[in-house]
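Analysis of the macromolecular model
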Amino acid sequence: MKIVVCIKQVPDTTEVRINPKTNTLIREGVESIINPFDLNALEEGLRIKEKMNGELIALSMGPPQAESALKEAIALGCDSGILLTDRAFAGADTWATSYTLSRGIRRIGEVDLIICGKQAIDGDTAQVGPSIAEMLDIPCITYVRKIEEIDKSNIKAQRMMEGGYHLLESSLPALITVVKEINEPRLPSLRGKMRARKEEIIKYSAADIVCEIDSIGQMGSPTVVEKIFAPPVRDKGTMIKGEPSEAAAKLVSELKEKGVLL
Amino acid sequence: MIDYGFTEEQLMIQELARQIAEERVRPVRAQLDEEGSHSAEIMQVLAESDLFAVFIPEEYGGLGGGALELCIATEELSKVCGGVAVSYAATALGAYPIMLGGSDEQKKKYLPAIASGEKLAAFGITEPNAGSDAGGVETTAEKDGDSYILNGSKIFITNGGVADIYTVIAMTDRSRGARGASCFILEKGMEGFEFGKEEDKMGIRASATRELIFTDCRVPAENLISREGMGFILSMRTFDHSRPGIGAQAVGIAQGALNEAVDYASERIQFGQPVSSFQAIRHLIADMATKVEAARTLVYQAARQVDSGAKNISKLSAMSKLFASEIAMEVTTNAVQIFGGYGYMREYPAEKFMRDAKITQIYEGTSQIQREVIGLEVIKEAKFRDKK
Ligand SMILES: Cc1cc2nc3c(=O)[nH]c(=O)nc-3n(C[C@H](O)[C@H](O)[C@H](O)COP(=O)(O)OP(=O)(O)OC[C@H]3O[C@@H](n4cnc5c(N)ncnc54)[C@H](O)[C@@H]3O)c2cc1C
Ligand SMILES: Cc1cc2nc3c(=O)[nH]c(=O)nc-3n(C[C@H](O)[C@H](O)[C@H](O)COP(=O)(O)OP(=O)(O)OC[C@H]3O[C@@H](n4cnc5c(N)ncnc54)[C@H](O)[C@@H]3O)c2cc1C
């Protein structure tokens, strides 16, 4: 059983602020973390690996600094880490990102299961998982909250729905994206951390993964971002207190004053 | 950041223990304290992170560290919860007699399970009539064929009931006093080995403290550590190795309280300004921080001395435990003072640190007993110095 988990290094959004003048993220001093949903993906991959004696590979596309996310994945128990890194990959939108990752997976060879997080906390599109599946032409189960059964050729999983779930069965190879309800991610171990320090992260460039050069990076990205801006801060508003009848009267008179009601 | 000259491995231990303390212990510490319950779940997390392996030699499934590694992990856990920290450290205490005096077979049999965290350990010497006076042990071990029959009881045993492996002091020859004491390895579930009263404590409430009861408990002779009569010496050597760990617990508790106090003082506004802007508070904080740093340095030094294999470690070990525990009591009391009335309330963390700090002056030898150890050593050294 060969499993690939796609992990994205993201800024810790609990610390992110936006520069109100340029409307861009202030990245200085913000710590990079593994996308939290990808930690759930890693945990699920580790559990399957442990149960089925499989091989687990962490895969990421990103700048050279993303190596630290892959080291962390190894500290958690992944067998190896692969970083797709090349200037040509820069500026990728979800399409180009998915394409690049799918080519990276092809390069790895025969893979039985691919696990992605539900979405990345910075980009937030939730498109990359399903797009990879599409590009590899394999089945996809999104929003998995529980794997009921898995063996060499099949997977049966619960897809989370509002107020319930779908039970889906698929042949392998397949791709799943997971929600945080699926498990509680473990912490690294000392032995894992020591191994991670020594382990080389494999790096693939655009030339290594056999891809169409006009399908990667900015060139391969059909999306055009016109403008990025922070939504205007809303006023706190006023609270009208008192007896309901009095409060209602006050509200009506204020609305009239403002010309909302005539 | 102060550079303590830690190796990369030691820094990893520190980072990981800190992460566990923050992510897994902090959210539940108030609840564990309130309920007075030992957390098997947290012990499981420590186990999976290999933290129990840091003080065990590599040939027995450990990572080959020593007292300093144990201190680093204990300090980080104590910054958040002294109770969780002692459940961890007491396992090392229980393992020390085996590491220091055990045969290769005993080490092979017991240490790997301790290193993996699969089994917790405990050490039992204290009895109702044998506290500071360890020579007063009344539990007996009578040789019977190829086993010993233990009768008696131990009180106040940390990890009692939750540990699987117990190193216990019993008298094999009462007529010889302290020289008639021996150390045995007991396993939970042995016939005649039961658990009695569970203590309801002032602090470190997230740790289990329980009575051990032996009624015609048959222990195989191969579970005797070293030889008959070595029990007392083994205990003293064990404490020489483990006391810096209690010092580290004290430093962690003090630092944890100091951190909370500093944060609070910067936020609490009185007379139109944060209370940290009053010189009286600022200087109090300065003294607290200075003393914690002095204690920490002494603890690390003692741990390094232990790990160096030096022969005379009693004095420095006792000093580190004495000094750090007294500082912990002072600093945590002052942390409550900085919190004012809120510090006295259960809702805020300050009072827990103060309750937790107190035990560090009592167990593994009270402060008075540490002074006895130190005083005797200093006087002995003086005689030696004069002769030269
Ligand atoms: C400041 C900013 C500017 C951006 N500008 C553009 C832009 O100009 N054009 C545009 O199209 N997009 C833009 N994006 C989106 C960016 O390209 C996406 O972040 C990226 O394509 C991945 O999509 P996502 O983050 O929505 O991931 P999702 O689809 O939400 O991620 C789902 C899962 O896919 C996997 N995954 C996603 N990315 C990776 C990766 N790099 N490596 C490994 N696994 C991964 C993870 O398992 C993840 O949990 C911008 C994002 C930001 C934060
Ligand atoms: C929470 C907790 C956990 C514990 N865990 C363990 C454990 O895991 N294993 C274990 O074996 N024991 C354990 N103990 C026992 C602990 O080590 C003893 O309580 C301690 O050594 C003191 O003994 P005592 O309580 O009998 O006090 P006593 O010896 O009765 O002392 C009473 C007072 O007299 C003072 N005193 C006694 N003798 C002298 C002297 N010669 N000179 C000056 N002053 C003296 C003491 O300092 C103290 O102030 C634990 C105790 C507690 C409270």
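Predicted, not measured: the structure shown is a model, and the values here were computed from it. (Residues numbered from 1 in each chain as written. Chains lettered and ligands numbered in written order. Predicted model: local features only at pLDDT ≥ 70, side-chain atom pairs only at ≥ 80, totals over all residues. Heavy atoms only, no water.)

Moving on, we get to the interface of chain A and chain B. In this complex, chain A contributes 11 residues to the contact, which on the side of chain B involves 20 residues. Taking both sides of the interface into account, the surface hidden between chain A and chain B amounts to around 1300 Å²; carbon and sulfur atoms contribute 59%. Three residues, Leu187(A), Leu190(A) and Arg191(A), lead the burial of chain A against chain B; their summed loss comes to 49% of the area buried on that side. As a salt-bridge pair, Arg24(B) and Glu184(A) come within 3.6 Å of each other at their nearest N and O atoms. Taken together, the links from chain A to chain B amount to 9 residue pairs in polar contact (both at pLDDT 80 or more). (Contact = heavy atoms within 4.5 Å. Buried area = accessible area lost by both parts, 1.4 Å probe. Salt bridge = Lys/Arg side-chain N within 4 Å of Asp/Glu carboxyl O. Polar contact = N/O pair within 3.5 Å; in protein donor to acceptor, adjacent residues only side chain to side chain.)

The omega torsion of the bond from Leu172(A) to Pro173(A) falls at 0°, within 30 degrees of zero and hence cis. Relative to the elements of secondary structure, Pro173(A) occurs in the loop between β11 (164–171) and β12 (174–178). Phi at Phe156(B) is positive, roughly 60°, even though this residue is not glycine. (Helix = DSSP H or I, 4+ residues; strand = E, 2+ residues; numbered from the N terminus.)

Attention shifts here to the packing of helix α6 (residues 231–267) of chain B against helix α7 (residues 279–307) of chain B. Residue and element names in this part refer to chain B. Taken N-terminus to C-terminus, the directions of α6 and α7 make an angle of 160°; their axes are 9 Å apart at the nearest point. Taken as axis vectors, α6 and α7 run roughly antiparallel relative to one another. Crossing of α6 against α7: the hand is left-handed. Contact with α6, carried on its side by Asp240, His241, Pro244, Gly247, Ala248, Val251, Ala254, Gln255, Leu258, Val262 and Ala265, involves Ile281, Ile285, Met288, Ala289, Val292, Ala295, Arg296, Val299, Ala302, Ala303 and Val306 of α7 and no other residues of that element. Partitioned by chemical class, the residues of the contact of α6 with α7 number 17 nonpolar, 3 polar and 2 charged. (Axes fitted to C-alpha atoms, helices over the stretch in contact; angles between N-to-C directions. Parallel < 35°, antiparallel > 145°, perpendicular 65-115°, else oblique. Left-handed = near helix turned anticlockwise from the far one by under 90°. Nonpolar A, V, L, I, M, F, W, Y, C, P; charged D, E, K, R; others polar.)

Further remarks concern the domain arrangement of chain B. Residues and elements named next belong to chain B. Assigned domains within chain B: domain 1 (8–115), domain 2 (121–229) and domain 3 (232–387). Summarising the inter-unit geometry, the C-alpha centres of domain 1 and domain 2 are found 22 Å apart. Roughly 1800 Å² is buried in total at the junction of domain 1 and domain 2, and carbon and sulfur atoms are behind 63% of that figure. Of all residues in domain 1, His38, Gln106 and Tyr110 give up the largest surface area on contact with domain 2, accounting jointly for 28% of the area buried on that side. Taken together, domain 1 and domain 2 are joined by 2 salt bridges. (Domains from an automatic or database assignment.)

Now for the packing of aromatic side chains. All names here are of chain B. Per the counting criterion, the structure on display carries 18 aromatic pairs over all chains. When the centroid spacing of 5.4 Å and the interplanar angle of 40° are considered together, the rings of Phe193 and Phe214 count as tilted. Of this pair, Phe193 sits in strand β6 (residues 193–198) while Phe214 sits in strand β7 (residues 209–220), and the two are 21 residues apart along the sequence. Phe193 gets classed as buried once you look at its relative accessible area, which sits at 5%. Each ring, one from Tyr264 and one from Tyr348, has its centre 6.3 Å from the other, and the planes form 80°; the classification is edge-to-face. (Phe/Tyr/Trp six-rings, centres within 6.5 Å; stacked < 30°, edge-to-face > 60°. Buried < 20%, exposed > 50% of the residue type's maximum accessible area, 1.4 Å probe, protein only.)

Quick look at the nonpolar core now. One finds Leu46(B), Leu51(B), Phe55(B), Tyr88(B), Leu150(B), Phe184(B) and Leu186(B) to be the most contacted residues of the largest nonpolar core, which totals 114 residues. For this core, the element with the most residues is α6(B), which contributes 12 residues. With near-sequence residues (within four places) excluded, Leu46(B) lies in contact with Ile20(B), Leu51(B), Phe52(B), Leu77(B) and Tyr88(B). Counting 35 residues, the second-largest nonpolar core is a separate cluster that includes Leu46(A), Ala69(A), Val144(A) and Ile150(A). (Core = buried A, V, L, I, M, F, W, Y, C linked by side-chain atoms within 4.5 Å.)

Looking now at the pattern of salt bridges. When their charged atoms lie close together, side chains carrying opposite charge are able to pair. All names here are of chain B. This structure, assessed with the given rule, holds 37 salt bridges over all chains. With a shortest N-O distance of 3.1 Å, Glu260 and Arg29 are connected by a salt bridge. Taken together, the residues span a long stretch of sequence, with Glu260 in helix α6 and Arg29 in helix α1 (residues 8–35) at a distance of 231 residues. Overall, Arg29 belongs to the buried group, its relative accessible area being 9%. Between Arg371 and Glu326 there is a salt bridge whose closest N-O contact spans 3.0 Å. One end of the pair, Arg371, is in helix α10 (residues 367–387); the other, Glu326, is in helix α8 (residues 314–339), and 45 residues separate them in sequence.

Residues and elements named next belong to chain A. Around ligand 1, 26 residues are found, and the nearest of them are Lys8, Asp38, Asp93, Ala120 and Thr125. The contact in question runs from an oxygen atom of ligand 1 to an N or O atom on the backbone of Cys6, over 2.7 Å. Contacts to ligand 1 include Val128, whose backbone N or O atom sits 2.8 Å from an oxygen atom. Against a free-state accessible area of 940 Å², the protein chains account for coverage of 83% of ligand 1. Of all the secondary-structure elements, those providing two or more residues to the shell around ligand 1 are β6 (55–61), α3 (94–108) and β8 (113–117). Of the residues that constitute the shell around ligand 1, the class distribution is 11 nonpolar, 10 polar and 5 charged. (Near = heavy atom within 4 Å. Areas by Shrake-Rupley, 256 points an atom, 1.4 Å probe, with all protein chains shown as cover.)

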